[in-house]
Amino acid sequence: YYYLFYALMYDKQALAHATLPLDLVRMPILYIYGTEKNVMFHDHRGLALLEREEMQGRSDCRVVKVDGAGHWMYCQRPEVCEREIRKFLRSGKHGLDDEVVHEG
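Reading guide: rules and limits
Residues numbered from 1 in each chain as written. Predicted model: local features only at pLDDT ≥ 70, side-chain atom pairs only at ≥ 80, totals over all residues. Heavy atoms only, no water. Helix = DSSP H or I, 4+ residues; strand = E, 2+ residues; numbered from the N terminus. Buried < 20%, exposed > 50% of the residue type's maximum accessible area, 1.4 Å probe, protein only. Contact = heavy atoms within 4.5 Å. Areas by Shrake-Rupley, 256 points an atom, 1.4 Å probe, with all protein chains shown as cover. Patch = residues over 30% accessible without salt bridge, like charges linked within 9 Å, V, L, I, M, F, W, Y side chains within 5 Å. Salt bridge = Lys/Arg side-chain N within 4 Å of Asp/Glu carboxyl O. Phe/Tyr/Trp six-rings, centres within 6.5 Å; stacked < 30°, edge-to-face > 60°. Expected span 1.5 Å × (residues − 1). Arc of directions from axis to C-beta.

## Description of the overall build of the chain
Check the secondary structure of the chain and you find 4 helices and 2 strands. Secondary structure elements of the chain occur, N-terminal to C-terminal, as α-β-α-β-α-α. Residues counted as buried form 26% of the 104 residues belonging to the chain. Long-range contacts, defined as pairs at least 24 residues apart, comprise 54% of the intrachain contacts of the chain with a sequence gap of at least 6. Entry remark: accessible area of the chain is about 7800 Å², with carbon and sulfur atoms responsible for 56%.

## Brief notes about the side chain of Glu84
Here Glu84 is to be found in helix α4 (residues 78-90). Setting aside anything within four residues of it in sequence, one finds Glu84 in contact with Leu30, Ile32, Arg62 and Val64.

## A word on a nonpolar patch on the surface
On the surface, a nonpolar cluster with roughly 400 Å² of combined accessible area is contributed by Tyr6, Met9 and Tyr10. Here Tyr6 lies in helix α1 (residues 2-10).

## What to know about the packing of aromatic side chains
A full pass over the atoms with the stated rule returns 1 aromatic pair. With a centroid separation of 5.7 Å and an interplanar angle of 55°, the aromatic rings of Tyr31 and Tyr33 are classed as tilted. In this structure Tyr31 comes out as partly exposed when scored by relative accessible area, which is 25%. Since its relative accessible area comes to 11%, Tyr33 is described here as buried.

## Points about the environment of Gly34
Tracing the sequence through the fold places Gly34 in strand β1 (residues 30-34). When the C-alpha positions of Gly34 and Gly68 are compared, they lie 7.1 Å apart, and in sequence the two are 34 residues distant.

## Overview of α4
The end-to-end C-alpha separation of α4 is 18 Å, in line with the 18 Å expected for 13 residues at 1.5 Å each. For α4, every residue scored as buried is listed here: Val80, Cys81, Glu84, Arg86 and Phe88.

## Re helix α2 (residues 44-56)
The terminal C-alpha atoms of α2 lie 18 Å apart, and with 13 residues this matches the ideal 18 Å at 1.5 Å per residue to within 8%. Of the positions making up α2, those classed as buried are Gly46, Leu47, Leu50 and Glu53. Projected down its long axis, α2 carries its buried residues within an arc of 120°, all on one side. Residues His44, Arg45 and Met55 are exposed on α2 and point more than 90 degrees away from its buried face. Contacts made by the buried residues of α2 are with β1 and β2 (62-66).

Spelled out as structure tokens, the structure:
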């Protein structure tokens with residue numbers, strides 16, 4: 001967050017080079033966020049791209065909106081976050097298997 005805030009305050013041009021990975025098939029993204037967050041730092045174009053990727057099935061990218069949670073969604077809705085992370089990792093397309101994603 002330091003670099004994000006620094007860029008927002010002093011060097012907005014630095015944000016122009018912040019991008020998603022170029023190959024979303026090889027490097028899928030799970031993007032989880034709380035819908036009740038007061039301030040959103042989303043790159044709306046990037047978020048729309050990830051949603052299109054998921055909807056059209058071009059990659060294994062997923063966007064999960066966590067209702068009833070804000071910035072601390074992992075604390076506010078841990079069951080939802082854990083379920084979605086496990087589901088993403090277990091999809092089998094990321095090089096991980098059940099031995100790696102074991103129940104803790």
